[in-house]
Amino acid sequence: MNLKKITFLTAHNWISNRQGGFHKFAEAAANAGIEVVFFSFPRPYYGYFMHQELFNKKSIKELQKGITYDVGAAKLHNVTLTTLKLPNSANRILSDNTMNAFERFSFTTFKKFANKWLTGSDVFVFESSDGMIYVDKIKNLFPHAKIIYRPSDPLMYDGALNRYIENEKHMMKIADLNLIVNEEGLNLYRRKISDFDSSIKYTLLSNGVDIESYEKQYPVPELLQKDNTILYVGAWDIEWNLMFYAAEKNPEFNYIIVCPNYPSDDIQNKVKQYSNLFYVPGISPQEVPAWISNCSVVMVPYVTDFYKNRPLGITAKYYQAMAAHKPIVAYCDTPKLKDAGVSVTYNYDDFISAVNKAVKTKTTNYEFDLSARKWENITTQFLKTIKDL
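Residues numbered from 1 in each chain as written. Predicted model: local features only at pLDDT ≥ 70, side-chain atom pairs only at ≥ 80, totals over all residues. Heavy atoms only, no water.

It is worth spelling out the sheet that holds strand E2 (residues 35-40) at this point. The strand order across the open sheet built from eight strands is E3-E4-E2-E1-E5-E6-E7-E8, with neighbouring strands paired in mixed fashion. Single-partner strands in this sheet number two, and they are strand E3 (67-71) and strand E8 (202-204). Recorded for the sheet is a direction-independent mean angle of 20° between the axes of neighbouring strands. Relative to strand E6 (residues 146-150), strand E5 (residues 123-127) is paired through five bridges, and the arrangement is parallel. Bridge pairing links Phe126 to Tyr149 in E6. (Pairing = 2+ DSSP bridges. Helix = DSSP H or I, 4+ residues; strand = E, 2+ residues; numbered from the N terminus. Axes fitted to C-alpha atoms, helices over the stretch in contact; angles between N-to-C directions.)

With that out of the way, let us pick up the packing of aromatic side chains. The description of two aromatic rings rests on the distance between their centres and on the angle between their planes. Under the definition given, this model contains 29 aromatic pairs. Ring geometry for Phe8 and Phe38: centres 6.5 Å apart, planes at 50°, overall tilted. Placement of Phe8 in strand E1 (residues 5-10) and of Phe38 in strand E2 is noted, with a sequence separation of 30 residues between them. Owing to a relative accessible area of 0%, Phe8 belongs among the buried residues under this scheme. Its relative accessible area of 0% is what places Phe38 among the buried residues. Between Tyr331 and Tyr348, the aromatic rings sit 5.8 Å apart at their centres with planes inclined by 65°, giving edge-to-face as the arrangement. Of this pair, Tyr331 sits in strand E13 (residues 328-331) while Tyr348 sits in helix H13 (residues 348-359), and the two are 17 residues apart along the sequence. Relative accessible area serves as the criterion here: at 2%, Tyr331 is assigned to the buried category. Of the residues examined, Tyr348 reaches a relative accessible area of 23% and is grouped as partly exposed. (Phe/Tyr/Trp six-rings, centres within 6.5 Å; stacked < 30°, edge-to-face > 60°. Buried < 20%, exposed > 50% of the residue type's maximum accessible area, 1.4 Å probe, protein only.)

Turning our attention to the environment of Ser40. Within the secondary structure, Ser40 is located in strand E2. You can call Ser40 buried: its relative accessible area is 0%. Here the alpha-carbon distance between Ser40 and Asn78, two residues 38 residues apart in the chain, equals 7.0 Å. Look past the residues within four positions of Ser40 in its chain and what remains in contact with it is Thr10, His12, Asn13, Leu63, Asn78, Val79 and Thr80. (Contact = heavy atoms within 4.5 Å.)

Cis geometry marks the peptide bond from Phe41 to Pro42; its omega dihedral reads 5°. Inspection of the secondary structure assignment puts Pro42 in the loop between E2 and helix H2 (57-65). Phi is positive for Asp305, close to 65°, though the residue is something other than glycine. For Asp305, the position within the fold is in the loop between strand E12 (297-301) and helix H12 (316-323).

To continue, consider the environment of Asn167. By the secondary structure assignment, Asn167 is in helix H6 (residues 162-174). Residue classification places Asn167 among the buried positions, given a relative accessible area of 15%. Taking the C-alpha atoms as reference, Asn167 lies 9.7 Å from Asp96; in sequence the two are 71 residues apart. Those residues in contact with Asn167 that sit more than four places away from it in its chain are Asn100, Met132 and Ile133. In terms of polar contacts, Asn167 uses its side chain to reach the side chain of Asn100, at 3.2 Å. (Polar contact = N/O pair within 3.5 Å; in protein donor to acceptor, adjacent residues only side chain to side chain.)

Here you go:
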């Protein structure tokens, strides 16, 4: 296939304090001279009244108009279609079909939006996000385009809303190819879809890491110019009660949370009561290597039992810390991490003990092959896979 234009349907903004694999895939496409549309969705009308990084009036209005960037040898257009999507709590009284209908409805028709921004797309790449509700409309409007589904975070995990489970099943069955991130995701889909191997076209393609970025030396960010800095950088919510407990137990350690998902006002106010606990509402992706490489310990303190119904496997945040040879302490994540040499804990006191031990370790080498996960190799395989369809 001679690729001239790819549309990525993603929850991300192109410029954001969170970076996913879609940023890397889109960047690789643009560097190859392929026009790119970064379709950020959902962006509900009620988002006008919010003050989050992705949901706020200024950002949504800019994306409605469309923002064009020069990336590599091509143009990248970051756009959105604002809709009447309702909060998930409305699903308690409204049917799944009604919820989907509200989420698809916009005062600008999808056809008008698509004719302006999506025309000419050879491939549509869907993230595991709400954007998949448009797959049928896209198939009808662009019957010759290929459909790729890239479920970096599977939606049909145990306990998920039925609407998301059914939407994802439909997405996987209609896609020309599903690019599954890891064996954990594959096993989940085989468990949830009875005829998975006979009805779903798929291959495995992991996420990656810019190894070289984490092996360099950088000026130390101001907040890390302290002793014993225990750092989390990520977009998943964390176990805040663990952080409060750890800050009290280890007053000589500085716990730093960098996350673009704003915690509640109560949590933010409580953080301010501690002299050794800090919350940062996200940093740019370009800053992440400097933060990771300059902390004492990288921590991943997920919400208790979060990992049990989420087939995330060993994620990119671990790749980053491994590339920087930083000691890592995880809380409530996959036991598989232990095979790579990561300290994984499942109660508060064990977490604190592991941090105490990790602080004394300057560098750590891991039993994990990062060379096969260089983003350069992953994105090359991604483009080749699409061209071979």
